[in-house]
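Coordinate analysis (summary)
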Amino acid sequence: MEQIVYVSTSRSLPDERLLDGILAVSRRNNARDGLTGLLVVGGRRFLQVLEGPCDLCDAAYARIRADERHFALVQLSRRPLIERSFAGWHMGFEQGYANPLVSVVEQLTDRVADPYLQAQFRSFAELHSQPA
Ligand SMILES: Cc1cc2nc3c(=O)[nH]c(=O)nc-3n(C[C@H](O)[C@H](O)[C@H](O)COP(=O)(O)O)c2cc1C
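Residues numbered from 1 in each chain as written. Predicted model: local features only at pLDDT ≥ 70, side-chain atom pairs only at ≥ 80, totals over all residues. Heavy atoms only, no water.

The next point concerns the confidence of the model for the chain. Chain-level pLDDT for the chain is 92 on average; 95% of the residues reach the 70-or-more range. Averaged pLDDT values for the elements of the chain fall to 83 in strand β5 (residues 92-95) and rise to 98 in helix α2 (residues 54-65). (pLDDT = per-residue confidence, 0-100. Helix = DSSP H or I, 4+ residues; strand = E, 2+ residues; numbered from the N terminus.)

Now the structure itself:
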């Protein structure tokens, strides 16, 4: 198994329609492929972690990279994984408008054992908690 973490920028300010579309396809494909993870949206920025079998994780990331709804993808890490951090979620999701992104992400990553991954999500939430 492996884990990929990346950030990207949405071409438009993500609205409900865009996010619902991304999430529906993600959850369907990820359930089929045994992928799990978390997608956090702050303003126009995405931060996503994907984890699962290497070939399927790479294939999903290749599709995501080719998606024209976002750009400037930066892969923050890609590494072997022994234990999943988001085992329960084919794609957990959070957007920080209704609730403060910082505290929601804090809760979502509460049980993430890897302090580096936890810090990535928490500092992203701090940086992008206002719609941009
Ligand atoms: C920010 C973002 C995150 C995405 N996350 C996933 C994902 O976790 N899994 C996935 O299959 N597709 C994801 N997608 C959608 C893919 O880019 C692509 O549209 C989709 O995988 C195509 O699937 P299909 O060939 O079944 O239509 C994401 C797209 C964006 C913009």
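Alright, that's what it looks like, and here's the rest.
Turning to the site of the ligand, a few remarks are in order. Surrounding the ligand, one finds 16 residues, the nearest of these being Ser26, Arg28, Asn30, Arg63 and Asp67. A distance of 2.9 Å is found between a nitrogen atom of the ligand and a side-chain nitrogen or oxygen belonging to Asn30. Residue Asp67 places a side-chain N or O atom 2.6 Å away from an oxygen atom belonging to the ligand. Calculation on the ligand without its partners gives an accessible area of 620 Å², and the protein chains cover 81% of this total. In this structure, the ligand is accommodated by the largest pocket. Contributing elements (two or more residues each) for the shell around the ligand: α1 (16-33), β3 (45-52) and α2. Per-element accounting of the shell around the ligand gives the leading share, six residues, to α1. Classifying every residue of the shell around the ligand gives seven nonpolar, five polar and four charged. (Near = heavy atom within 4 Å. Polar contact = N/O pair within 3.5 Å; in protein donor to acceptor, adjacent residues only side chain to side chain. Areas by Shrake-Rupley, 256 points an atom, 1.4 Å probe, with all protein chains shown as cover. 1 Å grid on protein atoms, 1.4 Å probe; cavity = no way out; pocket = protein on both sides within 12 Å on 5 of 7 lines; lining within 4 Å. Sits in = over half its atoms within 2 Å of the grid points. Nonpolar A, V, L, I, M, F, W, Y, C, P; charged D, E, K, R; others polar.)

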